[in-house]
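Spelled out, the chains give:
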Amino acid sequence: MSRSAAPPATPNRLRQLRAFCQAAQTGSISRAAERLCVSQPSVSLLIKGLEQDLNVLLFERRGPRIELTAAGQVLLETSLPLVEGMDHLPEVFAERLGE
């Protein structure tokens, strides 16, 4: 897929990035689905939508295993801190407020 300017983030973007990060970390769409407590087709659709939105291929599929492409590696390095930050936002916010 060729690259062009990405469209603005969608309301689904965090879900897409969370699914992508889990798949990248586990090397498996099925294991990512298990970790996220959603179906495997849901994870596949989220990742496919992200690939379409960004106009890049994020994974090379090799049977049940997946491997990051160069673009996928860049996105993982960029998005993982964001996803983890969002996941820990309530605790960090409370801590910074002094609670």
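Counting starts from 1 at the beginning of each chain's written sequence and moves along it residue by residue. Confidence filtering applies because this is a predicted model: local features only for residues at pLDDT of at least 70, side-chain atom pairs given and counted only at 80 or more, and all residues used for totals across whole chains, interfaces and linings. Only hydrogens and water are set aside when side-chain values are computed; all heavy atoms of the structure are taken into account.

**Q** Lay out the overall build of the protein chain with the relevant residues and their values.
**A** Segments assigned H or I by DSSP are reported as helices when at least four residues long, segments assigned E as strands when at least two residues long, and all are numbered from the N terminus. Across its full length, the protein chain holds five helices and two strands. Each helix (α) and strand (β) of the protein chain, taken in turn from the N terminus, gives the series α-α-α-β-β-α-α. Along the first, second and third principal axes, the C-alpha set of the protein chain runs to 50 × 30 × 20 Å. Here the term buried applies to any residue with accessible area under 20% of the maximum for its type, exposed to any over 50%, and partly exposed to those in between, with areas from a 1.4 Å probe on protein chains only. Among the 99 residues that make up the protein chain, the fraction classed as buried is 31%. Contact between two residues is taken to exist if any of their heavy atoms lie within 4.5 Å; hydrogens are not considered. In the protein chain, of all internal contacts separated by at least 6 residues, the share reaching a separation of at least 24 is 55%. Accessible area of the protein chain: about 6,400 Å², with a carbon and sulfur share of 57%. Computed by Shrake-Rupley with a 1.4 Å probe, the accessible areas treat only the displayed protein chains as cover when residues are assessed.

**Q** Requested: an account of the pairing of strand 2 (residues 65–68), with residues and values cited.
**A** Two strands pair when backbone bridges link them, and strand 1 (residues 59–62) and strand 2 are joined in this way by four bridges, in the antiparallel orientation. When the sheet's bridge partners are listed, R61 is paired in strand 2 with I66. If you look at the hairpin formed by strand 1 and strand 2, you'll find two residues sitting between the two strands, and G63 has a positive phi there, around 65 degrees. Two strands qualify as a pair provided DSSP detects at least 2 bridges between them.

**Q** Could you give an account of the state of the cysteines, naming the residues involved and the relevant values?
**A** Whenever a pair of cysteine sulfur atoms sits within 2.5 Å, that pair is classed as a disulfide. Scanning the model with the defined rule gives zero disulfides in all. No disulfide involves C21; its nearest neighbouring cysteine sulfur is the one of C37, lying 17 Å away. Assessed through its relative accessible area of 2%, C21 is described here as buried. A relative accessible area of 70% places C37 in the exposed class.

**Q** Tell me what's going on with unusual backbone geometry, and back it up with residues and numbers.
**A** Its identity is not glycine, yet C37 carries a phi of approximately 60 degrees, on the positive side. With respect to the element layout, C37 can be found in the loop between helix 2 (29–36) and helix 3 (40–54). Here the phi dihedral of N55 falls at roughly 60 degrees; this positive angle occurs in a residue that is not glycine. With respect to the helices and strands, the residue N55 is situated in the loop between helix 3 and strand 1. A relative accessible area of 23% places N55 in the partly exposed class.

**Q** Describe the pattern of salt bridges, and please don't skip the residues or the numbers.
**A** Working definition: two side chains of opposite charge can pair if their charged atoms are close together. We count a salt bridge whenever a side-chain nitrogen from Lys or Arg sits within 4 Å of a carboxyl oxygen from Asp or Glu. What the rule picks out here adds up to five salt bridges. In this structure, the salt-bridge partner of R18 is D87, at a minimum N-O distance of 2.3 Å. Remark: D87 occurs in helix 4 (residues 70–87) and R18 occurs in helix 1 (residues 13–26); sequence separation between them is 69 residues. Relative accessible area serves as the criterion here: at 37%, D87 is assigned to the partly exposed category.

Read these as spatial facts, not as claims about activity.
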